[in-house]
Amino acid sequence: TKVTQQLMLEKSIISSFPDILIKLSNDLNVIDTNDHFNSLFPHQKFTQKADFLAIFEYQDDILHLCSYTLNSKQRITRRMNLISAEQQVLPCEVTLVLLDDVNYKNNGFLCIIRDLSEILQTSAQLEFAHQMIHDVIEAMPVRIYWKDSQHQYLGCNDSYLSDIGLTSEQLLLYKTVSYTHLTLPTTPYV
């Protein structure tokens, strides 16, 4: 009964985990997968080593990761691409962990796969927004700078840099010196 309860608890944890989890034997046969994995690969049965390797864009990468984990006895994480059931390439972070039995002998691997698609998409959107704001600030026909609450410069546009006689924003960042004493030329607006 105690063993059954332990197995049920393990299955419950594996099923509810937000990342993809794949429990593997020493020879990389698939022992168990969680619900997140099953939603990416519906109606497919994964049991063999070839099934496991086939979900990765570059099978040599995952084989190398398994070998390194086994030899080093350390948990290791690498970026890899997963190929979904719809043949969609998903950027992922793959972590391999050695599993030990009660005698502390290697009893397989736990493969943890975190889908990075949403994170990378959000990062790209933020980078686009940052670049757009930068371009708008640079295009403004006025001198612009911004500071933090301790009055340290956090940035400025090229017009401001030119007027204070500096060639790089890096020379200004985190400085508290005030350039308000300068007589700035007035630019007529058209």
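Residues numbered from 1 in each chain as written. Predicted model: local features only at pLDDT ≥ 70, side-chain atom pairs only at ≥ 80, totals over all residues. Heavy atoms only, no water.

Of regular secondary structure, the protein chain possesses six helices and seven strands. Reading the helices (α) and strands (β) of the protein chain from amino to carboxyl end gives α-β-β-α-α-α-β-β-β-α-β-β-α. Taken against the 2.2 N^0.38 rule, which gives 16 Å for 190 residues, the C-alpha radius of gyration of the protein chain at 27 Å runs more than 25% over that of a compact globule. Projecting the C-alpha coordinates of the protein chain onto the three principal axes gives extents of approximately 85 × 35 × 30 Å. When the 190 residues of the protein chain are sorted by exposure, 29% land in the buried category. (Helix = DSSP H or I, 4+ residues; strand = E, 2+ residues; numbered from the N terminus. Rg over C-alpha atoms; globule rule 2.2 N^0.38 Å. Buried < 20%, exposed > 50% of the residue type's maximum accessible area, 1.4 Å probe, protein only.)

A word on the side chain of D19. The topology assignment puts D19 in the loop between α1 (2-16) and β1 (20-24). Side-chain polar atoms of D19 contact the side chain of R114, separated by 2.7 Å. When neighbours within four sequence positions are excluded, D19 is seen to be in contact with N34, H36, I112, I113 and R114. (Polar contact = N/O pair within 3.5 Å; in protein donor to acceptor, adjacent residues only side chain to side chain. Contact = heavy atoms within 4.5 Å.)

Now for the confidence of the model for the protein chain. Any residue range with low pLDDT should be treated as having predicted coordinates unsuitable for detailed reading. Looking at the protein chain, the pLDDT average stands at 84 and 91% of residues meet or exceed 70. This model gives residues 181-185 a pLDDT under 50, and the stretch forms six contacts once residues within four places in sequence are excluded. (pLDDT = per-residue confidence, 0-100.)

Across the sheet, five strands lie side by side as β2-β1-β5-β4-β3; this open sheet has antiparallel pairing. Strands with a single pairing partner mark the edges of an open sheet, and in this sheet they are β2 (30-33) and β3 (76-83). Averaged over all neighbouring strand pairs, the angle between strand axes comes to 30°, with direction disregarded. The sheet contact formed by β3 and strand β4 (residues 89-100) spans eight bridges and is antiparallel. The residue bridging I76 from the neighbouring strand is L96, located in β4. Strand contacts of helix α4 (residues 59-72): β3, β4 and β5 (106-115), with the helix running at about 25° to β4, the strand carrying the most contacts. (Pairing = 2+ DSSP bridges. Axes fitted to C-alpha atoms, helices over the stretch in contact; angles between N-to-C directions.)

This paragraph deals with the nonpolar core. Formed by 27 residues in total, the largest nonpolar core has its most connected members in I22, F52, I55, F56, I62 and I113. Breaking this core down by element, the ones donating at least two residues are β1, α2 (35-40), α3 (49-53), α4, β3, β4 and β5. Among the elements that make up this core, the one with the highest residue count is β4 (five residues). Residues in contact with F52, not counting those within four places in the same chain, are I22, L24, L28, V30, F46, I62 and C111. If you look at the next biggest cluster of nonpolar residues, it comprises six residues, including Y153, C156, Y160 and L172. (Core = buried A, V, L, I, M, F, W, Y, C linked by side-chain atoms within 4.5 Å.)

What follows covers the side chain of N34. Tracing the backbone through its elements, the reader meets N34 in the loop between β2 and α2. A polar atom in the side chain of N34 sits 3.0 Å from the backbone nitrogen of L21.

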